[in-house]
Amino acid sequence: MHVIGTIHDDLRGPRRLERWLNRLTPSSIGLELPVGIDIDEVYEWFKAERKQELERLAQLDAPPLQQEYIAAYIHVWGYEITIPYEYEYANRTRARLIPLDIQRTLEFPNAAEM
C-alpha cells in the first residue's frame, strides 16, 4: 500500500500526482470525500468552478503576470479529486475510486473517556 498526500495549493501537484499514479498503477485510490457523495458530481463541480473563476479572471483589469499566476492557481483547485478521477476514467485503468470520510476517520473519543 502506498499513501500519497497532496498539498492542495501546490502548483506542481497535479503533475506530481499524475506521475505517481502512472508509476504505481494502483488498483484502488482513496479520495478525501464524505461517504455518499457522488464522485462524478464532485468532478463536474470542480470543472465548472474552475471555468467560472477563469471567466471572472478574464474580466479583471489585472497585470498579465498576476493573471497568469491566478489562473495557474485556479487550475489546481481540486486536483486531488480530478487527477485520480481522470486517471481512472480517461485512462480506463479500472482503479477503484474509494471515498474516505476523513472527518469520521479522524474522530477520537473524548479525552475524559479514554
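In what follows, the structure referred to is the one given above.
What you see is a predicted model, and the numbers here were worked out from it, not measured in a lab. Note on numbering: residues in each chain are counted from 1, in written sequence order. It should be noted that, the model being predicted, local features are given only for residues of pLDDT at least 70 and side-chain atom pairs only at 80 or more, the latter also being counted only at that level, while totals for whole chains, interfaces and linings use all residues. The side-chain values count all of the structure's non-hydrogen atoms but skip hydrogen atoms and water molecules.

Draft legend 1. Representation of helix H4 (residues 79-90) in the model. Counted residue by residue, H4 has 9 buried out of 12 residues, so it is predominantly covered. When H4 is considered as a whole, its buried residues turn out to be Tyr79, Glu80, Ile81, Thr82, Ile83, Pro84, Tyr85, Tyr87 and Glu88. Working definition: with a 1.4 Å probe on protein chains only, accessible area under 20% of the residue-type maximum means buried, over 50% means exposed, and in between means partly exposed. For the purposes of this entry, the term helix denotes a DSSP run of H or I that reaches at least four residues, the term strand denotes a run of E that reaches at least two, and both are numbered from the N terminus.

Draft legend 2. Region of interest: the environment of Lys47. Locating Lys47 in the fold gives a position in helix H2 (residues 39-59). For Lys47, a relative accessible area of 39% translates into the label partly exposed. In this structure, the C-alpha to C-alpha distance between Lys47 and Trp77, residues 30 residues apart in sequence, is 9.0 Å.

Draft legend 3. Region of interest: the side chain of Glu80. Structurally, the position occupied by Glu80 is in helix H4. Pairs of N or O atoms within 3.5 Å make up the polar contacts considered here, provided that, within protein, one atom can donate a hydrogen while the other can accept it, and that residues adjacent in sequence are counted only when both atoms are side-chain atoms. Side chain to side chain, Glu80 and His8 meet in a polar contact 2.9 Å long. Any two residues whose heavy atoms approach within 4.5 Å are treated as being in contact. Look past the residues within four positions of Glu80 in its chain and what remains in contact with it is Thr6, His8, Leu17 and Leu31.

Draft legend 4. Structural context of the pattern of salt bridges. The salt bridge definition used is simple: a Lys or Arg side-chain nitrogen within 4 Å of an Asp or Glu carboxyl oxygen. Under the criterion given, the structure shown has 2 salt bridges. Across the pair Arg16 and Asp10 runs a salt bridge whose closest N-O atoms are separated by 2.6 Å. What makes Arg16 partly exposed here is its relative accessible area of 36%. The salt bridge partner of Glu53 is Arg56, with a shortest N-O separation of 2.6 Å. On the criterion of helical spacing, the pair formed by Glu53 and Arg56 is a turn pair, its members being 3 residues apart in helix H2. Owing to a relative accessible area of 18%, Glu53 belongs among the buried residues under this scheme.

Draft legend 5. Representation of the nonpolar core in the model. Residues belong to a common nonpolar core when they are buried Ala, Val, Leu, Ile, Met, Phe, Trp, Tyr or Cys residues joined through side-chain atoms within 4.5 Å. One finds Leu21, Ile29, Leu31, Leu33, Ile39, Ile81 and Leu97 to be the most contacted residues of the largest nonpolar core, which totals 17 residues. Looking at this core, the elements that each hand over two or more residues are helix H1 (13-24), strand E1 (28-32), H2 and H4. No other element matches H4, which puts 5 residues into this core. Those residues in contact with Ile39 that lie beyond four places of it in its chain are Leu31, Leu33, Tyr85, Leu97 and Pro99.

Draft legend 6. Geometry of the packing of H1 against H4. In this description, a line fitted to the C-alpha atoms serves as the axis of each element, helices being fitted only across the stretch in contact, and the angle between N-to-C directions of two axes falls anywhere from 0 to 180 degrees. Packing of H1 against H4 leaves a shortest axis separation of 10 Å and a crossing angle of 35°. As H1 runs across H4, the sense of the crossing is right-handed. Residues Gly13, Pro14, Leu17, Glu18, Leu21 and Asn22 of H1 form the contact with H4, whose participating residues are Tyr79, Glu80, Ile83, Pro84 and Tyr87. Put simply, Ala, Val, Leu, Ile, Met, Phe, Trp, Tyr, Cys and Pro go in the nonpolar bin, Asp, Glu, Lys and Arg in the charged bin, and everything else, Gly too, in the polar bin. Its residues assigned to classes, the contact of H1 with H4 shows 7 nonpolar, 2 polar and 2 charged. For a crossing to be left-handed, the near helix must be turned anticlockwise from the far one by less than a right angle; the clockwise case is right-handed.

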